[in-house]
Amino acid sequence: MVEAVVLEARVLFAGNPFPPQAPAPQAEGLPGIHVPAQADGSTTTSAPVSGGALHPLTDLPILHSDTGAAAEIYLDFTGAAAQAWGTYHTTTTPAYSTDGDTATFSDTELANIQQMWARVAEKFSPFNIDVTTADPGQYTPGHVLRVVVGGDGLWQGANGWGGISFVGDFVTGPSTSWIFTTNLSNGDPHYTAEAIAHEAGHAFGLQHQGVYSGKKLTAQYNAGTAASAPIMGRSYFADRGLWWDGQNVLGYKVIQDDMSTIASPTNGFGYRPLTQGQSMATAGALAASGSAVGAAGIIESTAQTDFYSFTSGAGTLNLAGLVAPYGAMLHMKMSLLDAAGNVLASAADAATLGQNISAQVAGGTYYLEVSSFGGYGDVGQYSITGSVIPTTAVPPVTASAPGSTTPAPVAASPVTTGGVPVAASAPSVTLKASVVRKTLVGLKWAKLPKTVITFVERSTDGVNWTVLTKITNRATSFTDRHAPPGTYEYRLMSVGTGGVTTYSTTPTVTLAAPAPKKPAAATHALAVFSEQPITLTTAPLQELAG
């Protein structure tokens, strides 16, 4: 795939249709993403993609990241009428489409829309703003930013742009940005979401993050690295598109703090109010059901530390910190503390965004501390899932009951403040287990959706569970090669949108101890090797394909 690097001209409007003393805003864009020229010489983007049943445009999912927020970003996927936009006159914008049919949404397109919403919601999760697909009807400057997603944008005269926006127009008007999905690899959800965040950033007053050699601007769009890149640069190809603190294109001495600008009094909405205690004394309780625990939250700044409290019996605690399933920005850290504030275990792996803690504890009250790794832009949503040791007996579960769980699933709170909960995307799954050979257990299940992150777990008592592996590439089987003789229960733990956790059925298998072998007559000394059982911890949570 080849990117068409087209640097747009900066446009200053003639006249000033905006409020007195407010400067006429610049129109800023972002280059699109294109495929190589076809055999006929055309340079169209990816071929149309279709998939699944067709739905009327009214079946668009109504999604909110925070219904109680002070402002809104309205993602408009249903098209827009021709209109005046500054000195431009737009043509009719069609609904978002990957298959060329702009009168309906396919299953694939609806899934893409949900993913794009989730990615953009992650970008703006630190701020007091609701990312929504619900049309508010009026797009009042200073309250609603409308982002129209669809079409090719040829009306603005620069073929190939991924989007266009006026700098600062959230406040000054017209409070509308445009995203041209024809130029974004045919509406690829990853690229499109990065473009949405970029153009919304312009509307909130941000310029491009540039690259300088001394005093000379050498790149209008800072592309960062494969690991991370500024949203206000060119973040299409980075693992993480982040808000940035660096030189913008207005001058080598001009340092732009993206987050402070977005949250500034000029825009008026600021940061999202904290909802979680910031000390042991104000810690909120982890949600618990039997031995399973869960929670969800947002790290809004690198100075923030969220605290959770819980009670556990004696045994092994297993806690996993998961970042957002799509477009994660947060690089998180976790620490386990006792009631006196002593750190018992910590997780701060520089190579993973999510973290895991496993620790032996005595019975008592404990605290989980969640924070950022500390780099600029290491902010965003997280969820906690895992198991503790109950202090009371857990009722047994009938193994033959289809869809049963041990313990009951924990529905972690959605990552919103008063927002509309996102339906769990992790379905009930039937897990099958069998002894493949004397020391191997084979597990099989139906293919899982892309919208969940799933782990394989094993237990000897149906209460305490050990994570064996994270399922990758939508696998449908796993072989446990490291279980010593004994009876085991297995399950799949799936984490869906908003941190909602569900479990599969829990089949039981027994591995018999091997019959002792008759010792051979020793003629000389032999080196002896023994393979010890291996417990695999949860793999780092990476964003799903998009």
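Since the model is a prediction, treat every value here as computed from it, not as a measurement.

Q: Explain the sheet that holds strand β27 (residues 380–387) residue by residue, including any values.
A: Reading across the sheet, the five strands line up as β19-β20-β27-β22-β25 and stay open at both edges, with antiparallel pairing between neighbours. The sheet terminates laterally at β19 (287–289) and β25 (355–361), the two strands that pair on one side only. Neighbour-to-neighbour, the strand axes of this sheet turn through a mean angle of 15°, independent of strand direction.

Q: Could you give me a rundown of the pairing of β25, with the residues and numbers involved?
A: Where burial is concerned, the two faces of β25 differ: the one with Q355, I357, A359 and V361 is buried and the one with N356, S358 and Q360 is not. Sheet topology places strand β22 (residues 315–323) next to β25; seven bridges connect them, and they run antiparallel. Of the residues in β25, the one forming a bridge with G315 is V361.

Q: Hey, could you go over helix α3 (residues 189–203) for me, with residue numbers and the actual values?
A: An ideal rise of 1.5 Å per residue puts 21 Å on 15 residues; α3 measures up with 21 Å between its terminal C-alpha atoms. With 15 of 15 residues buried, α3 lies mostly within the body of the structure. Looking at where α3 begins, the residue whose side-chain oxygen comes 3.0 Å from the main-chain nitrogen of H190 is D188. Among the residues trailing α3, G205 stands out with phi positive, at a value near 105°.

Q: Describe the packing of aromatic side chains, listing the residues and the values that go with them.
A: Applying the stated criterion across every chain yields a total of 20 aromatic pairs. A centroid spacing of 6.2 Å and a plane angle of 85° characterise the contact between W85 and W178, whose relative ring orientation is edge-to-face. Of the two residues, W85 sits in strand β5 (residues 84–85) while W178 sits in strand β11 (residues 176–179), which places them 93 residues apart along the sequence. The cationic tip of K333 hangs over the ring face of F373; the distance from NZ or CZ to the ring centre is 6.0 Å. The ring of Y488 has R458 lying over it, and the distance from NZ or CZ to the ring centre is 5.3 Å.

Q: Kindly report on the sheet that holds strand β21 (residues 305–312), identifying the contributing residues and their values.
A: In spatial order, the strands read β18-β21-β26-β23-β24; together these five strands make up an open sheet with mixed pairing. Each having just a single partner strand, β18 (284–285) and β24 (343–347) make up the two edges of the open sheet. Where strand β23 (residues 332–338) meets β24, four bridges bridge the pair, whose relative direction is antiparallel. By the bridge assignment for β24, S335 is matched with S346.

Q: Go over unusual backbone geometry with me, naming the residues and quoting the values.
A: Residue G173 is joined to P174 through a cis peptide bond whose omega torsion reads 5°. Looking at where P174 falls in the secondary structure, it is placed in the loop between α2 (169–172) and β11. At S175, a position not held by glycine, the phi torsion is positive, near 55°. Mapped onto the elements, S175 comes out in the loop between α2 and β11. The exposure class of S175 is buried, given its relative accessible area of 0%. Of note in this structure, S185 is not a glycine but carries a positive phi near 50°. By secondary structure assignment, the location of S185 is in the loop between β11 and α3. Overall, the relative accessible area of 10% leaves S185 in the buried class.

Q: Describe the confidence of the model for the chain, listing the residues and the values that go with them.
A: Regions with low pLDDT carry predicted coordinates that are not meant to be interpreted in detail. On average, residues of the chain score 79 in pLDDT, and 74% of them are at 70 or above. Scored below 50 in pLDDT, residues 1–25 makes 64 contacts in the model with residues more than four places away or belonging to other chains.

Rules of the game
- Residues numbered from 1 in each chain as written.
- Predicted model: local features only at pLDDT ≥ 70, side-chain atom pairs only at ≥ 80, totals over all residues.
- Heavy atoms only, no water.
- Pairing = 2+ DSSP bridges.
- Helix = DSSP H or I, 4+ residues; strand = E, 2+ residues; numbered from the N terminus.
- Axes fitted to C-alpha atoms, helices over the stretch in contact; angles between N-to-C directions.
- Buried < 20%, exposed > 50% of the residue type's maximum accessible area, 1.4 Å probe, protein only.
- Expected span 1.5 Å × (residues − 1).
- Polar contact = N/O pair within 3.5 Å; in protein donor to acceptor, adjacent residues only side chain to side chain.
- Phe/Tyr/Trp six-rings, centres within 6.5 Å; stacked < 30°, edge-to-face > 60°.
- Lys NZ or Arg CZ within 6 Å of the ring centre and 35° of its normal.
- pLDDT = per-residue confidence, 0-100.
- Contact = heavy atoms within 4.5 Å.

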